[in-house]
Amino acid sequence: MLAAFHLNKLQRKVLLVIVLIILVPMLVTGVLSGRWVSARIDESIEHWVRESTQLDEGALSDLHRNARLFVDTLNQVGQRHLSLSRGRSPIPENLQPLASELGISLVQVIGPTGELLYSSRPATLVTSWAPGQETAVVKVNMGTQNLLAAITISRIPAGSGQYYRLVLGTLFDKEFLNRMSRLSGLKTRLFYPEKGDFATAFAEEGRPLKLRLPAAAFAQLQNRQSYYSATAEDGRYWGLYSPVVTASGQVEAVWFSGHERTRRLEFLTDESALSLAIIFFGLVLALGVGFMLSRIVVRPVEYLHEAVMRLAAQDFRAEIPIHSRDELGELAQAFNAMAISLREARNEQQREFQRDKLSALGELSLAMAHEIRNPIGIINTASRLFTGSEDSQRRIEMCRVIQEESQRLNHLLNDFQQLARHRRPEFKVIDPVEPLEKALQVMLAGREEIVVTKVYNHGDLQVSADSELLRQAWLNLLRNALEAMGSDAGTLEVGTQVQDKQIEIYLQDSGPGIPIEKMTRLFEPFFTTKDQGSGLGLTIANTLIEASGAQLEFVPGDWAGARFALRIPIVNKENK
Ligand code: ADP
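Residues numbered from 1 in each chain as written. Predicted model: local features only at pLDDT ≥ 70, side-chain atom pairs only at ≥ 80, totals over all residues. Heavy atoms only, no water.

Engineer: Please explain the overall build of the chain as it appears in this structure.
Structural biologist: Helices and strands together make up the secondary structure of the chain, namely 13 helices and 18 strands. Seen through its C-alpha atoms, the chain measures out along the principal axes to roughly 200 × 50 × 40 Å. Across the chain, the fraction of contacts at a sequence separation of at least 24, relative to all contacts at a separation of at least 6, is 61%. As presented, the chain carries roughly 33700 Å² of accessible surface, and 55% of it is formed by carbon and sulfur atoms. If you average the places of the 62 positive and of the 66 negative side-chain charges in the chain, the two averages end up 10 Å apart. (Helix = DSSP H or I, 4+ residues; strand = E, 2+ residues; numbered from the N terminus. Contact = heavy atoms within 4.5 Å. Areas by Shrake-Rupley, 256 points an atom, 1.4 Å probe, with all protein chains shown as cover. Lys, Arg positive; Asp, Glu negative; His and termini not counted. Charge placed at Lys NZ, Arg CZ, Asp CG, Glu CD.)

Engineer: Any chance you could explain helix α3 (residues 174-184) here in plain terms?
Structural biologist: For α3, the complete set of buried residues consists of F176, L177, M180 and S184. Down the axis, α3 shows its buried residues gathered within 100 degrees of arc, on one side only. With respect to the buried face of α3, the exposed residues turned more than 90 degrees away are E175 and R182. G185 lies just past α3 and shows a positive phi near 75 degrees. (Buried < 20%, exposed > 50% of the residue type's maximum accessible area, 1.4 Å probe, protein only. Arc of directions from axis to C-beta.)

Engineer: Would you explain helix α8 (residues 327-388) in this entry?
Structural biologist: Compared with an ideal rise of 1.5 Å per residue, which puts 62 residues at 92 Å, α8 spans 89 Å between its outermost C-alpha atoms and is within 8% of the ideal. Considered for burial, the residues of α8 that qualify are G329, A332, F335, N336, A339, A367, E371, P375, I379 and A382. Of the surrounding elements, those touching the buried residues of α8 are α7 (271-312) and α9 (392-420). (Expected span 1.5 Å × (residues − 1).)

Engineer: How do you make sense of the pattern of salt bridges when you look at a structure like this?
Structural biologist: One side chain can pair with another of opposite charge once the charged atoms of both are near each other. The full count for this structure, using the stated rule, is 21 salt bridges. Two residues, R65 and D62, come together in a salt bridge whose shortest N-O distance is 2.6 Å. One end of the pair is R65 and the other is D62, both in helix α1 (residues 9-78) and three residues apart, which spans about a single turn. Exposure remark for R65: the relative accessible area of 49% places this residue in the partly exposed category. For the salt bridge of R408 with E405, the shortest nitrogen-to-oxygen distance reads 3.5 Å. With R408 and E405 both in helix α9 and three residues apart, this pair spans about one turn of that helix. An identical accessibility class is assigned to R408 and E405; each is buried. (Salt bridge = Lys/Arg side-chain N within 4 Å of Asp/Glu carboxyl O.)

Engineer: Explain the site of the ligand to me, please; I cannot follow it from the model alone.
Structural biologist: Inspection of the region around the ligand gives 19 residues, with N480, D509, T528, T529 and K530 positioned closest. At 3.0 Å from an oxygen atom of the ligand is found a main-chain nitrogen or oxygen belonging to S534. Within the backbone of G537, one N or O atom sits 3.3 Å away from an oxygen atom of the ligand. Within the residue set of the shell around the ligand, elements represented by two or more residues are α11 (467-485) and α13 (537-547). (Near = heavy atom within 4 Å. Polar contact = N/O pair within 3.5 Å; in protein donor to acceptor, adjacent residues only side chain to side chain.)

Engineer: Just to check I follow, could you spell out the sheet that holds strand β9 (residues 227-231) for this structure?
Structural biologist: Strand pairing in a sheet relies on backbone hydrogen bonds, with the paired strands running either antiparallel or parallel. If you walk across this open sheet you meet the five strands as β8-β7-β11-β10-β9, and the pairing is antiparallel. At either end of the open sheet lies a strand with only one pairing partner, and these are β8 (197-200) and β9. Along the sheet, successive strands turn relative to each other by an average axial angle of 25 degrees, direction set aside. Pairing of strand β7 (residues 187-194) with β8 involves four bridges; the strand directions are antiparallel. Bridge pairing links F191 to T200 in β8. Docked against the sheet, α3 engages β7 and β11 (251-260), running at close to 145 degrees with respect to β7. (Pairing = 2+ DSSP bridges. Axes fitted to C-alpha atoms, helices over the stretch in contact; angles between N-to-C directions.)

Engineer: Before we go on, may I ask you to explain the nonpolar core in this structure?
Structural biologist: Proteins that are soluble and globular tend to have nonpolar side chains buried together. Grouped together as the largest cluster of nonpolar side chains are 45 residues, with contacts concentrated most on W474, L477, L492, I505, F564, L566 and I568. Here the element with the most residues in this core is α11; it accounts for 10 residues. Leaving out residues up to four positions away in the same chain, I568 has contacts with V463, S464, A465, L470, K501, Q502, I503, I505, S548 and A550. With 29 residues, the next largest nonpolar core counts V138, V140, I151 and F202 among its residues. (Core = buried A, V, L, I, M, F, W, Y, C linked by side-chain atoms within 4.5 Å.)

Engineer: How should the packing of aromatic side chains be read in this particular structure?
Structural biologist: Two aromatic rings are characterised by how far apart their centres lie and by the angle between their planes. Within this structure, the stated rule accounts for nine aromatic pairs. Ring centres of F176 and W255 lie 6.1 Å apart, and the angle between their planes is 65 degrees; on these two criteria the pair is classed as edge-to-face. In this pair, F176 sits in helix α3 while W255 sits in strand β11, placing the two residues 79 residues apart along the sequence. What makes F176 buried here is its relative accessible area of 5%. Seen from their ring centres, Y241 and F256 are 4.9 Å apart, and the 40 degrees between their planes marks the pair as tilted. In this pair, Y241 sits in strand β10 (residues 237-245) while F256 sits in strand β11, placing the two residues 15 residues apart along the sequence. (Phe/Tyr/Trp six-rings, centres within 6.5 Å; stacked < 30°, edge-to-face > 60°.)

Engineer: Whenever I open this one, a positive patch on the surface confuses me. Can you help?
Structural biologist: Together, K195, R207, K210 and R212 make up a positively charged patch on the protein surface. Within the secondary structure, R207 is located in the loop between β8 and α4 (215-222). (Patch = residues over 30% accessible without salt bridge, like charges linked within 9 Å, V, L, I, M, F, W, Y side chains within 5 Å.)

Engineer: What should I look at first to understand the pairing of strand β14 (residues 462-465) in this one?
Structural biologist: Each regular strand displays side chains that alternate between the two surfaces of the sheet. By the alternation rule, side chains of β14 split into V463 and A465, which are all buried, and Q462 and S464, of which none is buried. Pairing between β14 and strand β18 (residues 563-571): two bridges, direction antiparallel. Along β18, the bridge assignment pairs V463 with I570.

Engineer: For this particular structure, what's the right way to read a nonpolar patch on the surface?
Structural biologist: Side chains of F281, L285, V289, M292, L293, I296 and V297 sit close together on the surface and give an oily, nonpolar patch of about 650 Å² of accessible area. With respect to the helices and strands, M292 occurs in helix α7.

Engineer: So what exactly am I meant to see when it comes to the environment of G132 here?
Structural biologist: Tracing the chain through its elements places G132 in the loop between β3 (124-125) and β4 (135-141). Take G132: its relative accessible area is 66%, and that puts it in the exposed class. Separated by 23 residues in the primary sequence, G132 and R155 place their C-alpha atoms 9.2 Å from one another.

Engineer: Looking at this structure, how should I read unusual backbone geometry?
Structural biologist: When glycine is set aside, most residues are seen to have a negative phi, and most peptide bonds are trans. Phi is positive for E233, which is not a glycine, with a value near 50 degrees. As for its position among the elements, E233 is in helix α5 (residues 232-235). Positive phi values are uncommon outside glycine, yet D234 reaches one of about 55 degrees. Assignment of secondary structure puts D234 in helix α5.

Structural data, given as structure tokens:
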């Protein structure tokens, strides 16, 4: 499960780049959109609270309309029943339920001279209305309590141009507020003035709540304008405070409609929380997209990387799965085709190598048979002549021939052995001319007629080599040089030259040199121009020199004789 989320280096880089590319705009977008969304939601809530409060105001005019409707009903019924006399309710029994249904909680009848003929409750209207006014909000004294009421005044003719006044009112009492709350879905409170302050008329929490608003808000309310606050009532509501103006133009109460601040809505209006949420969402999105992309795009590159590594490790069975027809798919296809042709080429190479090996073995066997057959043939003939001859002189001669040829065979076998199995080199830091000097000593013993010139230019530079292997190689090279110069006097020049980080040690003789057509065959096994030669001298020298970490080469030039040079890396003095 966890392995599915494992990302390699390239995938991690792609993911990082995508996250960075998305993150910065996401931060800006998060902050801006957080600000925008919270402002819009704040605005919408304010709009909603204002609209719902208008609904409350609408409800007031509904009350007046209901009251008028009720008066019409009364008038129609009153042809027979309406009686406006002192102490008697003008509302017949059967219409009482309709009255309370329409929200009419106060009924008063006022006589033509202004005297109160009937009141459904012990209540006195404190505020008076202007003549001719039909609806008003008035202050009502209920003994211990002052309340407001929305009233509708209807004139009922009393004869000789005089009128009774029927007052139908809805008291702004607790029941009324609860009804308003139910209608608008908002928390509704009414604040009445109390000892120079405003407090809720109906104590909710044991005692009336004081209206706490900034001075500017009070000024606005006094000015008969409503005041909106997103943190109304100690931050518990988005609320609108509206002034309730009585018939005398006084602001007698403050009407509050509020929407409770719920967690969810609060979150939507909290700018920083919203910004953080949007940024977090963006980050998760960026991570998701980055993760997907890094896997979809980078996976083929990963396959390619794995396959190339396998190819580099000589595993030609490497193959890339092809999942798409795009450039990456084409690349995979080309790679697979290349791997197949490399595999075929390698197989062909192996078969060719096998063939070469077999033919080299055949050639070697032929050459060896040829080299061995000659001395054996001579030994055969000599031994027959030896047994068939009585001449002691001849027999001595044949014995010498047999000895010589068997010695030659012995040398040949030694050469073969040396070629096939020399000892493991033991490296030591030495003077590069030390093996040559030792070989010269051996080869020039008793050859005073040979003049040796030494031109050493390597100073005290040293090399790391197996001195004994190099000495044997120099013996072969010196033997060839002396054989080329013959028995006459001659000159050998030995010298050193420093080239790059190598030392060249050369040996030059004053023999006839090597014709150009033979130069390329010098290091071929069994190539010889001598009657008694094995053609293995240079091959053995080359093998020994290479085993010692050096290189042997024939140096053509316009000098007399042949020149062979050995190149070997210099050892740093600090590495010694
Ligand atoms: P061999 O000495 O048994 O012939 P080598 O491999 O040592 O075998 O030499 C191969 C051939 O290279 C020689 O037969 C000879 O023709 C040529 N050769 C080698 N060294 C010299 C030299 N210093 N001068 C001339 N010819 C040389």
